[in-house]
Every structure is written in C-alpha cells, then in structure tokens.
Amino acid sequence: MFSYSISGTTAPRATNFGLRNFFVPARREKASFDFRDAKVCAIVPTYKPGKLTEKLVEDLVRWTPNVRVYVVDDSTPRECEESVRVLARLAFISERVTMLRTPVNKLKAGALNYALEHIWRECHSYAPDVVLTLDDDIVVLPMTVENLVTELMTGDDLGAVCSQCHVLNKNANLLTRLQGLEYLGFNATRLADDGFFRGPLVMHGMLTAFRASALHEAGGFAEGHLIEDYEVTARLKAAGWSVKSALNSHAWTVVPESFSKLWKQRTRWSYGGITVVDKIRHLPSVLQDLIGHGVFWATVCMIDLLILSIVFKGSVTVPRYIPGLIIMLSLLQLVVWYGFQLWLMRLYKEKDVYDWLIRVSLFPEFIYSNMLTFVLIGSYFFLFFNTLTSRISKRSSLALRWLSALGGDLFRACGYTKSWGTRN
Amino acid sequence: LNFNGGTVSGILGYAGYLLLQSGNVAIAVCFLLLTVVYFVIAVSTLCRYIINYYRSKHLLHY
C-alpha cells in the first residue's frame, strides 16, 4: 500500500505455542531502551473536534517533548464554527504539531492512512520508531505515552502495545457505570491474554503504540472496515508480531450514554469482529474469538437438542449424578467468577458506592451481558443474510431483489450495517 | 466467553433439571462435557491472569 521504505526491526520468527500456553502465559525478556532516544509520531484523526481534542494535543506536546503530533481533520464541515476555531487554535500550539486535512471525509482508517502517507513520505528527514494512534476525545496522564512507548520498545517481538482503558463519563448514568465496570473487565482480559498465542485480541483505537516498521510492513489500516483496530491487530499477529497492553499507561474515553448509541456501537464491534474472523487466513491471530464462537454455537446446538429430547422423551433414566455434576460445575463457576469480579474492584480507582451496588447485586450486569448475547446472535443472522444476498445480482428476479432490500432495511433499523466506519 | 464486542458471563446450567426429564443419556453426557469446557475456559483465563498479575503487580496501580 505504501510506496516508501522504512528501516527497523523485522517481524520475529514464529513462536511455538502449546496447550500449556492456555494456563501459563509465555514470558518475554526485556531489552534496554531510553525513551528520550525514541522518535515518536502521534496521529489524532478528528471530525468536528471539541475541547477534549484541544486538551489532548496540548497535553501530548507538554508532557512528551520527543513526540510529533499529526492532527488529521477528516473534512470537518466549515459550518461547524466552534470546531473550525478549535482546529485553528491547534495549529498554533507548537511547531511539533502538523495539521492535515483529508480532501474528502475518509472515516477513521482513511484519516490514519492519510497521515501515515505523509509520515512515510517525510521519513528521510524524520523516520519514526513508533507511531501512536489516538481517538480525539481521550484524556491521558503525564506518563501515559512514555510508559506505552517504553513497553513497546523493550519487547523485541512486540508490534503494538495498547493502553489501559478507563471511562471518563462513568458517573453519567447506570449504562455508563456498567460500561466502566465492563472496561475494568476488558483490562483484566487483556492482562490474562498477555503471552497467550501472541497476545490480546484487539489493540484498541483509543490509544495504541505501533512499531513503525511493523505498521509499515502491514500496509497501514484497512479502509472501509467496520473495526480497523481489530483488523490491523490480526494482520500484525499473522505477520509474526506479538501484542500486549501496558499496565502503567492509562487513558480515559467517553462512552455512549444512551442505549441506542451503545447498541449501535456494539453491533459494529460484534459484526465487525465476525467479519475479521470470517476473512482472516491465519486463524491463531483470532484464537480467542474462534474459541468463543465455537463454544457459543456448541451451546446453541446443545440447547436445541435438549428441547428436542424433552419433546421426544427417551425411555432411559438419566443417572442423577450427571445433571448434578452440571449444576455443581455451573454454580462453582459462578462462585469463582463472582469472587474474581469482587476482587477486581480493588483495581478500580474511580469506584464509588453505586459501582459496588451494581457489582454486588449481579442483576444489572446479568441483563447487560444478555443484551450483548442478543447483539451477537443478530450479528450471526446479519452475516448469514449478507452471504445469501451477495449472490443476488441485477439479473435476479424482482421479488428476490425486493426481499433483499427489505431485509437490509430491517437489519439497518436494528443497527446493523456493513458500510459504516468509525467517524470521529 | 470473551469476544471482541464484550463478554457473552459467569452460566443456564435449568439444563440439569430438564436433563433429568429428557431420558437421553447421550445428550446429558454432551451437556456435561460442554459445562466442563466452560469451566476450563474460566479457570485457564484466571490462571493466566494470576500469573501475569504477579509478574507485573508493581505496574498495576496508578
């Protein structure tokens, strides 16, 4: 995709993972690295920027003197006067801030690639070791970027490292509090996946540091994809790189405050994830999702078989110890999971009494988790629908085309589309 | 089950009650195996978390 060359570490050779890796994560040796020697480019794609974007760029310039910041205005309409004023002020923050504007709205992946083209083109004068990608509405701490870059550059096999995620507006309502608790779980899952078959599933778009040579070798981001962060992570892992999260690099983001916005975000994440799994050739890159989808479908099949066996009752008596074992294992898993969730709260610095109430009572998170189950089931139906309709052409019958359009409208009404991208 | 889109959580296992009435041992055994798979996924994730937590405990607090 990029016609420029960039020097740097090449992808490490394939690592052998075995069954032991499911229980004992691989360990990596740390190389020495001085952050002051690093050349870092930070890309902030933005659309209709606000005060948070201005604060983010100011903080990056103030706290990390060896970072060059590229703000990519993704064709913000000139009518948005407040955003235009913010963009004008950003240009004068520092000489290390470069303002770029896409010729047409390209959405997030396109805006990131637009900046990457610019960076690679100028790499004869400033060749970065690390490329940071940031959402335009995040809040960082003074050591966030330094810790993130140091974590990346001290691991020779690492292609990308992401920050810890926290919720900035978690006190807005019950939904944002649930997301705050969920993000705490995301951070825990990423820690559990460090050293597990090349690392966590997704290096999130909120704040991730990429090894410049790895990102260049991968060809940047896939434009028009539903979730470009998952897609590029899968490609990096397929190329032999490992990924991880930096435990001492913290960033806060704004999460959806209404159910409709949250539903739309999750349908995009869920269906986008399925399309990544559907298209990837190197299956270990998406191992966690493969296990999840496999077990989920096994569960659906077993429930169907159970219903059939109730309808067409067999004549044999099922030994009581089998259902007993099933119930015992299920309850034991609940106890282990519940204990872990309560223990995890000690790492949740922003928690208050309402968060404790939500976590202890179990019920809100039970409802929330089942909502995500419905989102996932809808994504399977949407994939099936798209597979069927991809065979419908202009030569197909009028009734078939009408049915296809009707189905598309129905899925769109439920929040499922395949043509959007992340718009900042 | 941890997906890219969220957790789909701590586990339905009503199934035991229905299996008693089903009169089908094969399905009961398959359901037991599935429950074991869920349990192994949870325990293995917890094992990896604990090991990584103690390897990097000093970095976790901010």
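Residues numbered from 1 in each chain as written. Chains lettered and ligands numbered in written order. Predicted model: local features only at pLDDT ≥ 70, side-chain atom pairs only at ≥ 80, totals over all residues. Heavy atoms only, no water.

## Let's talk about the overall build of chain A
Here is the rule: The helix count covers DSSP runs of H or I at least four residues long, the strand count covers runs of E at least two residues long, and both are numbered beginning at the N terminus. Only C-alpha atoms enter the radius of gyration, while the globule expectation follows 2.2 Å times N to the 0.38, with N the number of residues. To sort residues, take the accessible area from a 1.4 Å probe on protein chains only and compare it with the maximum for the residue type: under 20% means buried, over 50% means exposed, and anything in between is partly exposed. Whether two residues are in contact is decided by their heavy atoms: any pair within 4.5 Å suffices. With residues, only the protein chains shown are counted as cover, and all accessible areas are computed by Shrake-Rupley using a 1.4 Å probe. In this charge count, Lys and Arg are treated as positive and Asp and Glu as negative; neither His nor the chain ends contribute. The atoms used to mark charge sites are NZ of Lys, CZ of Arg, CG of Asp and CD of Glu.
Scanning chain A for helices and strands turns up 13 helices and 8 strands. Expected size for 424 residues packed as a compact globule is a radius of gyration near 22 Å; at 23 Å, chain A falls within 12% of this value. Summarising its shape, the C-alpha atoms of chain A cover approximately 80 × 60 × 45 Å along the three principal directions. Relative to its full complement of 424 residues, chain A shows a buried share of 54%. Expressed as a percentage of contacts within chain A between residues at least 6 apart in sequence, the contacts between residues at least 24 apart total 83%. Total accessible area computed for chain A in this model is approximately 19,800 Å², and 62% of it derives from carbon and sulfur atoms. Treating the 47 positive side-chain charges of chain A as one cloud and the 39 negative ones as another, the clouds have centres 5 Å apart.

## Remarks on the pattern of salt bridges
All names here are of chain A. For clarity, the cut-off: Salt bridges are identified by distance alone: a Lys or Arg side-chain nitrogen within 4 Å of an Asp or Glu carboxyl oxygen.
If you walk through the whole model with that rule in mind, you get 18 salt bridges over all chains. Across the pair R412 and D409 runs a salt bridge, and its minimum N-O distance is 2.9 Å. Highlighted residues: R412 and D409, both in helix α13 (residues 398-413), separated by 3 residues, approximately one helical turn. One salt-bridge network, held together by shared partners, links E54, E82, R85 and R89.

## Focus: the sheet that holds strand β4 (residues 130-134) of chain A
Hydrogen bonds between backbone atoms are what pair the strands of a sheet, whose relative direction is either parallel or antiparallel. Residues and elements named next belong to chain A. Short version of the rule: By this definition, two strands are paired if DSSP reports at least two bridges between them. Only C-alpha atoms enter the line fits that serve as axes; for helices the fit covers just the stretch in contact. Angles between N-to-C directions range over 0 to 180 degrees.
Ordered by their spatial adjacency, 8 strands build an open sheet running β3-β2-β1-β4-β7-β6-β8-β5, and the pairing between neighbours is mixed. Either end of the sheet is taken by a strand with one partner, and the two such strands are β3 (97-101) and β5 (139-140). Across 8 bridges, strand β6 (residues 158-167) lies against strand β8 (residues 242-253) in parallel orientation. In the strand pairing of β8, H166 is matched with W252. Most of the contacts of helix α4 (residues 144-153) go to β6, to which it runs at about 150 degrees, and overall it touches β1 (40-46), β2 (67-73), β4, β5, β6, β7 (207-211) and β8.

## Some remarks on the packing of helix α10 (residues 321-344) of chain A against helix α11 (residues 353-361) of chain A
Residues and elements named next belong to chain A. What counts is decided by this rule: Here is the rule for angles: anything less than 35 degrees is roughly parallel, anything more than 145 is roughly antiparallel, 65 through 115 is roughly perpendicular, and the remaining ranges are oblique. Amino acid classes used here: Ala, Val, Leu, Ile, Met, Phe, Trp, Tyr, Cys and Pro are nonpolar; Asp, Glu, Lys and Arg are charged; the rest, including Gly, are polar.
At a closest axis distance of 10 Å, the pairing of α10 and α11 adopts a crossing angle of 170 degrees. Judged by the angle between their axes, α10 and α11 are roughly antiparallel. Residues Y338, Q341 and L342 of α10 touch α11, and the partners they reach there are W356, R359 and V360. Across the contact of α10 with α11, the residue classes tally to 4 nonpolar, 1 polar and 1 charged.

## Here's the deal with the packing of helix α7 (residues 228-238) of chain A against helix α8 (residues 259-279) of chain A
All names here are of chain A. Heads up, the condition is: We call a crossing left-handed when the near helix sits turned anticlockwise from the far one by less than a right angle, and right-handed when that turn is clockwise.
Between α7 and α8, whose axes approach to 9 Å, the crossing angle comes to 25 degrees. Comparing their axes, α8 and α7 come out roughly parallel. Seen from above, α7 lies across α8 with right-handed handedness. Of the residues in α8, those in contact with Y230, E231 and A234 of α7 are G273, V276 and V277. Residue composition of the contact of α7 with α8, by class: 4 nonpolar, 1 polar and 1 charged.

## Considerations on the pairing of β7 of chain A
Look at any regular strand and the pattern is simple: side chains alternate between the two faces of the sheet. Residues and elements named next belong to chain A. Where burial is concerned, most of β7 is hidden: 5 out of the 5 residues are buried. Neither face of β7 is exposed, since L207, A209 and R211 on one face and T208 and F210 on the opposite face are all buried. Bridge count between β4 and β7: 5 bridges; the pairing is antiparallel. Within β7, the residue paired with V130 across the bridge is R211. Note that β6 and β7 share 3 bridges and pair antiparallel.

## A word on the interface of chain A and chain B
Inclusion rule: Two parts placed together each lose some accessible area under a 1.4 Å probe, and adding up what both lose gives the buried area.
With 76 residues of chain A at the contact, the number on the chain B side is 55 residues. Buried surface at the junction of chain A and chain B, summed over both partners, amounts to about 5,900 Å²; 72% is from carbon and sulfur atoms. Counting the surface chain A buries against chain B, the share from its top three residues, F23, I326 and Q333 of chain A, is 11%. In this structure, D193 of chain A and R48 of chain B form a salt bridge, with 2.8 Å as the shortest nitrogen-oxygen distance.

## Quick notes on unusual backbone geometry
Residues and elements named next belong to chain A. Its identity as a non-glycine residue notwithstanding, S75 has a phi of 55 degrees, on the positive side. Residue position: S75 is located in the loop between β2 and α2 (81-90). Relative accessible area serves as the criterion here: at 14%, S75 is assigned to the buried category. Even without being glycine, L362 reaches a positive phi, approximately 70 degrees. On the secondary structure map, L362 appears in the loop between α11 and α12 (363-389). A relative accessible area of 28% places L362 in the partly exposed class.

## Observations regarding the UniProt feature "transmembrane region" (unreviewed entry) in chain A
As a reminder of what qualifies: UniProt positions are given in the numbering used here, feature names are shortened, and annotations may be inferred rather than shown by experiment.
If you check UniProt for "transmembrane region" (unreviewed entry), the listed places come out as residues 290-312, 324-346 and 366-385 of chain A in our numbering. Split by type, residues 366-385 of chain A is 100% helix and 0% strand. Its first and last C-alpha atoms lie 29 Å apart.

## Quick notes on the nonpolar core
What counts here: What we call a nonpolar core is a set of buried Ala, Val, Leu, Ile, Met, Phe, Trp, Tyr and Cys residues that are connected through their side-chain atoms within 4.5 Å.
V69, L132, L134 and V149 of chain A are the most contacted members of the largest nonpolar core, which has 48 residues in total. It is α4 of chain A that provides the largest number of residues to this core, a total of 5 residues. Those residues in contact with V69 of chain A that sit more than four places away from it in its chain are A42, V44, V57, L60, V61, R96, V97 and T98 of chain A. Membership of the second largest hydrophobic core comes to 44 residues, among which are L181 and A192 of chain A together with L1 and Y49 of chain B.

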